[in-house]
Each structure stands twice: as structure tokens, then as C-alpha cells.
Amino acid sequence: CSGSDAAAAAREARGANRSAPLVVWRETTPAHFMRLGPDDNGSWKLPDDAEQARRCDGKSTYCCRPLDAATAARQNWRNRVANPLLRAAGVPVFATYDALVPQWDAHVNF
């Protein structure tokens, strides 16, 4: 759901029932794909060869890669949209994006 939908749901739950469950928003995480979509916004360009997508031998363009600061900032657009809306609705935001940017090599099999 979108950030505004999640914020609206949290407000409605608080208004309808004081014992509503706690809603916590975990930020979206960075995309470390070597081959991203044309605007490098975190969307993965699907491979033509599924086997190549599973292989990370230095030749595949589907391995993970470190992100430079500009790419990391560009990819973080989802959190820039959702976080202020959710915080304004009283939803705690579990910040993960910045801590995970340098973790490009922590993916299993990539």
C-alpha cells in the first residue's frame, strides 16, 4: 500500500479502538542490483537469461554492487514520500535504508 494509505489506516485504527495493534513502518531497503532499470531508481531490469541472473561470477551484470551516494539518494524516493506522511499520522518509522546502503555484499548467492 502507499504511504498515505498506511497513514490513513493507522489513523482509523487509533480512532476506532484505543487498543488497536501498534503499527510500525519499516523503510524500504536499497536495491544493490548491478543492472537496474533505465532510471536507476531501484527497479530491477529483468534478465533475458534466468541462469545469468543467478550467477555472480564477475561476468554477470546481475550481481549486487556498491551504491554511490547519488544513486543511493535517488533510490530512496519511496521513503522520502512515505516517512513524513506516516510520522504525521503517529506511525513510528523503523529506519533501515541508510544503514543498509553499504551492505551490498551481504546478499546470499549474489
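For the structure, check the block above.
Here is a short report on the structure shown in this document. Because the structure is predicted, anything quoted here is derived from the model rather than measured. (Residues numbered from 1 in each chain as written. Predicted model: local features only at pLDDT ≥ 70, side-chain atom pairs only at ≥ 80, totals over all residues. Heavy atoms only, no water.)

## A closer look at the overall build of the protein
What counts, and what does not: By definition, any uninterrupted DSSP run of H or I lasting at least four residues is a helix, any uninterrupted run of E lasting at least two residues is a strand, and each is numbered from the N terminus. Relative accessibility decides the category of a residue: with a 1.4 Å probe and only protein chains considered, values under 20% of the type maximum give buried, values over 50% give exposed, and everything between is partly exposed. Note on contacts: a residue pair qualifies if any of its non-hydrogen atoms lie within 4.5 Å across the two residues.
Looking only at helices and strands, one finds five helices and two strands in the protein. Mapped in sequence order, the helices and strands of the protein form the string α-β-α-α-α-β-α. For the protein, the residues scored as buried account for 33% of the 110 residues in total. Summarising the internal contacts of the protein: among those between residues at least 6 apart in sequence, 71% fall at separations of at least 24.

## Quick look at the side chain of Asn83
Here Asn83 shows up in helix H4 (residues 77–88). Sequence-distant contacts of Asn83, defined by excluding residues within four places in its chain, comprise Trp25, Glu27 and Val93.

## Focus on the environment of Val23
Note that Val23 resides in the loop between helix H1 (3–16) and strand S1 (25–26). Classification of Val23 by relative accessible area gives partly exposed; the value is 40%. The spatial distance from the C-alpha of Val23 to the C-alpha of Pro92 is 7.3 Å, given a sequence separation of 69 residues. Look past the residues within four positions of Val23 in its chain and what remains in contact with it is Val91 and Pro92.

## Let's talk about H4
Defined as follows: By definition here, a helix of n residues has an expected span of 1.5 Å times n minus one.
Here H4 is twelve residues long and its end C-alpha atoms lie 18 Å apart, about the 16 Å a rise of 1.5 Å per residue gives. Downstream of H4 by a residue or two, Gly90 has a phi angle that is positive, lying close to 85°.

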